[in-house]
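# Examining the three-dimensional arrangement
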Amino acid sequence: MTLSTIYKLSLIAFSCVIQGCSSSCPVLECWFVQEKSGRGGGFPAAMNQVKSLLHIRTDTQSQWTVSGKQASSDINPDRVYYVTDPAATLCHPSLHPARGSIEKPQCEINPFQPQPSTIQWAAALTDSALSPIYLQADWFSASLQGLNGQMTLSSIMRAPTAAKDPNVILSVSSKKASVQFRLGEPVLLDCQFWLDPSSSLSGSGFAIEWRYQFRGDGRLVLAYDGKTDRLADNQEEGATLDFAALHEKGNASLILQEAKVRHSGTYICSVYLPYLLAQVAVDLEIIEPPSLSIYPSPLPIAVPGQVVTVQCDASGFAPLSLELSWEFIGADGKSRSLGAGSVTGHRQGWDGTYSQSSRLEIDTASLGRGGEVTCVAVHPAGTRRASVTLNIIGFSTPSIEDSMAMVGVALVLYGLIKLVSWTFTSSDEAGKQEKKEK
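Residues numbered from 1 in each chain as written. Predicted model: local features only at pLDDT ≥ 70, side-chain atom pairs only at ≥ 80, totals over all residues. Heavy atoms only, no water.

With that settled, the discussion passes to the overall build of the protein. Assigned secondary structure in the protein consists of 3 helices and 26 strands. Put simply, 62% of the contacts in the protein that link residues at least 6 apart link residues at least 24 apart. Entry remark: accessible area of the protein is about 24800 Å², with carbon and sulfur atoms responsible for 53%. (Helix = DSSP H or I, 4+ residues; strand = E, 2+ residues; numbered from the N terminus. Contact = heavy atoms within 4.5 Å. Areas by Shrake-Rupley, 256 points an atom, 1.4 Å probe, with all protein chains shown as cover.)

The next point concerns the state of the cysteines. Enumeration over the complete set of coordinates arrives at 4 disulfides. Across a sulfur-sulfur distance of 1.6 Å, C25 and C91 are joined as a disulfide pair. Of note, the bridge from C25 to C91 carries an S-S torsion of about 70 degrees and is right-handed in sense. Of this pair, C25 sits in strand β1 (residues 24-35) while C91 sits in the loop between β3 (80-84) and β4 (106-111), placing them 66 residues apart in sequence. Of the residues examined, C91 reaches a relative accessible area of 4% and is grouped as buried. Paired through a disulfide, C30 and C107 show a sulfur-sulfur distance of 1.8 Å. Looking down the S-S bond of the C30 and C107 bridge, the torsion is 70 degrees, so its handedness is right-handed. Within this pair, whereas C30 is found in strand β1, its partner C107 is found in strand β4, the two being separated by 77 residues in sequence. Classification of C107 by relative accessible area gives buried; the value is 7%. (Disulfide = S-S within 2.5 Å. Buried < 20%, exposed > 50% of the residue type's maximum accessible area, 1.4 Å probe, protein only.)

The strand order β9-β15-β14 describes an open sheet built from 3 strands, whose pairing is antiparallel. Each of the sheet's edge strands pairs with one partner strand only, and the pair in question is β9 (187-189) and β14 (239-240). (Pairing = 2+ DSSP bridges.)

Quick look at the pattern of salt bridges now. Side chains that carry opposite charge are capable of pairing whenever their charged atoms lie near each other. Going through the model one piece at a time under the given rule, you end up with 5 salt bridges. Between R211 and E209 there is a salt bridge whose closest N-O contact spans 3.9 Å. Take R211: its relative accessible area is 32%, and that puts it in the partly exposed class. Note that R262 is salt-bridged to E236, the shortest N-O span being 3.3 Å. On the criterion of sequence distance, the pair formed by R262 in the loop between β15 (254-256) and β16 (265-273) and E236 in the loop between β13 (230-231) and β14 is long-range, its members being 26 residues apart. The exposure class assigned to R262 is partly exposed, which follows from its relative accessible area of 44%. Residues participating in the shared-partner salt-bridge network are R219, E236 and R262. (Salt bridge = Lys/Arg side-chain N within 4 Å of Asp/Glu carboxyl O.)

Let us look at the pairing of strand β5 (residues 138-145). With 6 bridges connecting them, β4 and β5 associate as antiparallel partners. From the neighbouring strand, E108 faces β5, where its bridge partner is S143. As paired strands, β5 and strand β6 (residues 152-159) are joined by 8 bridges and run antiparallel to one another. Bridge pairing in β6 places A142 opposite S155. The turn joining β5 and β6, which pair antiparallel and follow one another in sequence, is formed by 6 residues; a positive phi near 55 degrees is taken by N148.

With that out of the way, let us pick up the packing of aromatic side chains. Pairs of aromatic rings are described using the distance from one ring centre to the other and the angle between the two planes. Under the definition given, this model contains 9 aromatic pairs. For the pair F32 and F140, a centre-to-centre distance of 6.5 Å together with 65 degrees between the ring planes defines the contact as edge-to-face. With F32 in strand β1 and F140 in strand β5, this pair connects stretches of sequence that are 108 residues apart. Per residue, the accessibility class of F32 equals that of F140, and both read buried. The structure contains a cluster of three or more aromatic residues connected by ring pairs, namely F193, F206, Y224 and F243. Its guanidinium or amino end placed over the ring of Y134, R158 lies 4.4 Å from that ring's centre, counting from NZ or CZ. Sitting above the plane of the Y212 ring, R219 keeps its charged end 4.0 Å from the centroid. (Phe/Tyr/Trp six-rings, centres within 6.5 Å; stacked < 30°, edge-to-face > 60°. Lys NZ or Arg CZ within 6 Å of the ring centre and 35° of its normal.)

Let's shift gears to the environment of A232. Structurally, the position occupied by A232 is in the loop between β13 and β14. The sequence separation of A232 and Q120 amounts to 112 residues, and the corresponding C-alpha distance is 8.6 Å. Setting aside anything within four residues of it in sequence, one finds A232 in contact with W121 and A223.

Once that is clear, we can look at the side chain of S199. Mapped onto the elements of the fold, S199 is located in the loop between β10 (192-195) and β11 (207-214). Contacts of S199, omitting those with residues within four sequence positions, involve Y134 and I169.

Looking now at the nonpolar core. In this structure, W139, L189, F193, W210, L254, Y267 and L284 are the most contacted members of the largest nonpolar core, which totals 42 residues. Broken down by element, the residue count for this core peaks at 6 residues, all from strand β17 (residues 276-287). Counting residues in each nonpolar core, the second largest holds 24 residues, with L28, L90, L95 and I109 among its members. (Core = buried A, V, L, I, M, F, W, Y, C linked by side-chain atoms within 4.5 Å.)

On the secondary structure map, H263 appears in the loop between β15 and β16. For H263, the contacting residues outside a window of four places in its chain are Y212, R219, E236, L256, E258, L284 and I286.

P298 follows S297 through a cis peptide bond whose omega is 5 degrees. The phi torsion at N148 lies on the positive side, around 55 degrees, for a residue other than glycine. In this structure, N148 sits in the loop between β5 and β6. One non-glycine residue with positive phi stands out, namely R215, at about 50 degrees. Tracing the backbone shows R215 in the loop between β11 and β12 (217-225).

Time to look at the sheet that holds β13. An order of β8-β17-β16-β11-β12-β13 is seen for the 6 strands of this open sheet, with the pairing classed as mixed. Strands at the two margins of the open sheet, each flanked by one partner only, are β8 (178-182) and β13. Across 9 bridges, β16 lies against β17 in antiparallel orientation. From the neighbouring strand, S270 faces β17, where its bridge partner is Q279.

Geometric values such as these leave the question of function open.
Here it is, written out as structure tokens:
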């Protein structure tokens, strides 16, 4: 049994799990978005947005039922589509919330115009100047995101001219819209694509492109021409693909060997076919909790009323969102807040991580016999704590325990004095009695 056969059987089994081995899926509510006609003069095109429905089936041989073609009264019948998706990607559970749920998946449909690509690593896909007759049809693109960012999906669909029964030709998906990785870990950004094997575009080759974007900065991470089996020369160091899985299963996931702070941003996975393009975006955040240290450590012994200065340094964290505060736990076990202290600005290190400090002046007048001073750092990667012991000698106001101890000592001393006095008194009386007898 070949790997491709195993993959096809796995795909069928996966479809059965999602659909309960049914040929239809729940209806998808979408927005159909297109440019309004009649606007020009160099002004930005106005957009028209109307409600739409997608009825989904996975079996190309099954017939649509009459009940499946009934639409709500507020939806234009021209915007009700009957989509055939053999890969069952549109049947993913995150795209179909429970009945009555307030949260809805995001779904948008747009008209799509097939055109040849001009980028270097995809130009070979359309080396012929003639467009195939296959492209003379109505084309649509659908962009979807599941509940809680569980899935992001882009599909290219084709329907005969003026028909409402499009077939999914190309699907590109990612399991999650956003992911987090710790600093130094290997990173895997999921991207899967499926091509309808019955399409005339099947077997004509493909190209993969990964691009990075962050706050207006963009760069090419990796590009691969699957038709000629060549990588672009200017790929980023440490970035690669699993080429065996790419050709056998359509697994175009990006692998970064070691997570660095500069990797945080949005990554766009683009899949090129002859005249077609579909892409999904994945947000990557590199997180690392802070390391805490307190100075001085240990703290010097203090007397009541003395002001003790202590500093907490948080270093090596990313992203820069951090909240520093102080707590004090007394000898009685009770905890109280000492505030945030004087917090410095962020400092960025050579590796892109950040550091920040908090300086606190502690008035020991109200802290009794001392206790534990704790620096608390709240960060998206987790909360960290560091503690140091504060010892206070001398007394301002005796505690109940101190008073009881002093009473006990007084009673012991009183008992000793009485014992010594009784001993000497007894000795004197015995001496006097002996003298009288003589």
